[in-house]
Amino acid sequence: MNLAPRNRMKAMRIGCLLFFLTTMATAGPVDFVREVRPILEKRCYECHGPDKQKNGYRLDLRQVAFTGGEHHAPNILPGKSQESPLFRFISGQEKNLAMPPKKPLSAGEIDLLKRWLDEGAVWPEGVDTAKVEDRTDWWSFKALPPALAVPIDDFIRATLAKKGWEPAPAADARTLIRRLTFDLIGLPPTPEEVATFEKDHRQAPDRAYEQLVDRLLASPRHGERWARHWLDAVHYGETHGYDKDKPRNNAWPYRDYVIRAL
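Report follows, based on the coordinates.

Cut-offs applied
Residues numbered from 1 in each chain as written. Predicted model: local features only at pLDDT ≥ 70, side-chain atom pairs only at ≥ 80, totals over all residues. Heavy atoms only, no water. Helix = DSSP H or I, 4+ residues; strand = E, 2+ residues; numbered from the N terminus. Buried < 20%, exposed > 50% of the residue type's maximum accessible area, 1.4 Å probe, protein only. Contact = heavy atoms within 4.5 Å. Areas by Shrake-Rupley, 256 points an atom, 1.4 Å probe, with all protein chains shown as cover. Axes fitted to C-alpha atoms, helices over the stretch in contact; angles between N-to-C directions. Left-handed = near helix turned anticlockwise from the far one by under 90°. Nonpolar A, V, L, I, M, F, W, Y, C, P; charged D, E, K, R; others polar. Parallel < 35°, antiparallel > 145°, perpendicular 65-115°, else oblique. Core = buried A, V, L, I, M, F, W, Y, C linked by side-chain atoms within 4.5 Å.

1. Quick word on the overall build of the protein
Phase 1: A tally of helices and strands in the protein yields 12 helices and 0 strands.
Phase 2: Starting at the N terminus and ending at the C terminus, the protein contains elements arranged as α-α-α-α-α-α-α-α-α-α-α-α.
Phase 3: Looking at the 262 residues of the protein, the share that counts as buried comes to 26%.
Phase 4: For the protein, the share of sequence-separated contacts (at least 6 apart) that also reach a separation of at least 24 residues comes to 47%.
Phase 5: Accessible surface for the protein amounts to roughly 19400 Å². Of this, 58% is attributable to carbon and sulfur atoms.

Below you can see the structure in the form of structure tokens.
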């Protein structure tokens, strides 16, 4: 009558042993996409993800995760979990740099990441959901093609040619002086200035144009027009405004300085 319970206990022990052995036999390498990245997304991306990168370090991009960061780089040393700063931070070995700072990883999460590191930190190519931004890939950092080095109008002509468009005809003297004067000093030219420019333009167009531009750039009105944008940006005012609208008696020298500088 006592055989049945003993047999049941024996069968349970054998079943547990078989389950353990089966689990050990079937457990393959840690899968980055299925096992590692979910931990990083849930626990690390808040400070080292696509929206925020403390110390310039990201764990959503393979290239940055292995080589980036302003301090402690490289943070991941494949095959060497105990020497990897990343593991030392998440396991609490660095007391002043425990990560994540608010809620530590569970023992299971730490063990999984340790196994992943010791197995070589396999992070397959092409699985990142984001891309590294090349901040040098910008037009102003690129060399000019020889044909477009000078003059600057070649840029415009090249784009027009691609679209099959022709440049607009040259402006007449009256239109030209109005455009330049409004743009550079924000005021219309006087009738006398228009007449003088038309006369000079008929005799020597290029010289008349250059002299007009030089005169407008040297005008105090040019400084006043463009100083306004800077003075707006720094919230310049000659009174305090609002409910304490008292004059600022010594504000004007700064205004005049900005105008003169421009």
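2. Details of the side chain of Asn75
Phase 1: With respect to the secondary-structure elements, Asn75 resides in the loop between helix H4 (62-67) and helix H5 (85-90).
Phase 2: Discounting residues that sit within four places of it in the chain, Asn75 has contacts with Tyr57, Ala65, Phe66, Gly68, Ser84, Pro85, Leu86 and Phe89.

3. Considerations on the packing of helix H11 (residues 220-233) against helix H12 (residues 252-261)
Phase 1: Interhelical geometry of H11 versus H12 gives an angle of 120 degrees and a closest axis separation of 7 Å. For the crossing formed where H11 meets H12, the hand is right-handed. Residues Pro220, Gly223, Glu224, Ala227, Trp230 and Leu231 of H11 pack against Tyr254, Arg255, Val258 and Ile259 of H12.
Phase 2: Taken together, the residues of the contact of H11 with H12 break down into 7 nonpolar, 1 polar and 2 charged.

4. Brief notes about the packing of helix H8 (residues 173-185) against helix H9 (residues 191-203)
Phase 1: Two numbers describe how H8 lies on H9: the axes approach to 9 Å, and their chain directions differ by 125 degrees. By the criterion of interaxial angle, the relationship of H8 to H9 is oblique. Considering the relative orientation of H8 and H9, their crossing is right-handed. Together, Ala173, Arg174, Leu176 and Ile177 of H8 and Glu193, Val194, Phe197, Glu198 and His201 of H9 make up the contact between the two elements.
Phase 2: Per-class residue counts for the contact of H8 with H9 are 5 nonpolar, 1 polar and 3 charged.

5. Things to note about the nonpolar core
Phase 1: If you look at the biggest cluster of nonpolar residues, it comprises 23 residues, and the most contacted ones within it are Val36, Leu40, Leu59, Ile76 and Trp116.
Phase 2: Taken together, the elements giving at least two residues each to this core come down to helix H2 (32-43), H4, H5 and helix H6 (107-118).
Phase 3: Of all the elements, H6 adds the most residues to this core, at 5 residues.
Phase 4: Setting aside chain neighbours within four positions, we find Leu59 in contact with Leu40, Cys44, Tyr45, His48, Ala65, Leu86 and Trp123.
Phase 5: Residues Ala173, Ile177, Phe197 and Leu212 belong to the second largest nonpolar core, which totals 12 residues.

6. Details of unusual backbone geometry
Phase 1: A cis amide bond links Ala73 to the next residue, Pro74, at an omega of 0 degrees.
Phase 2: Tracing the sequence through the fold places Pro74 in the loop between H4 and H5.
Phase 3: A cis geometry characterises the amide bond from Met99 onward to Pro100, with omega recorded as -10 degrees.
Phase 4: Mapped onto the elements, Pro100 comes out in the loop between H5 and H6.
Phase 5: A positive phi is found at Ala121, a non-glycine position, where the angle reads about 50 degrees.
Phase 6: The topology assignment puts Ala121 in the loop between H6 and helix H7 (153-163).
Phase 7: Ala121 sits in the buried class, given a relative accessible area of 3%.
Phase 8: A positive phi angle, near 60 degrees, is found at His235, a position not held by glycine.
Phase 9: Overall, His235 belongs to the exposed group, its relative accessible area being 67%.

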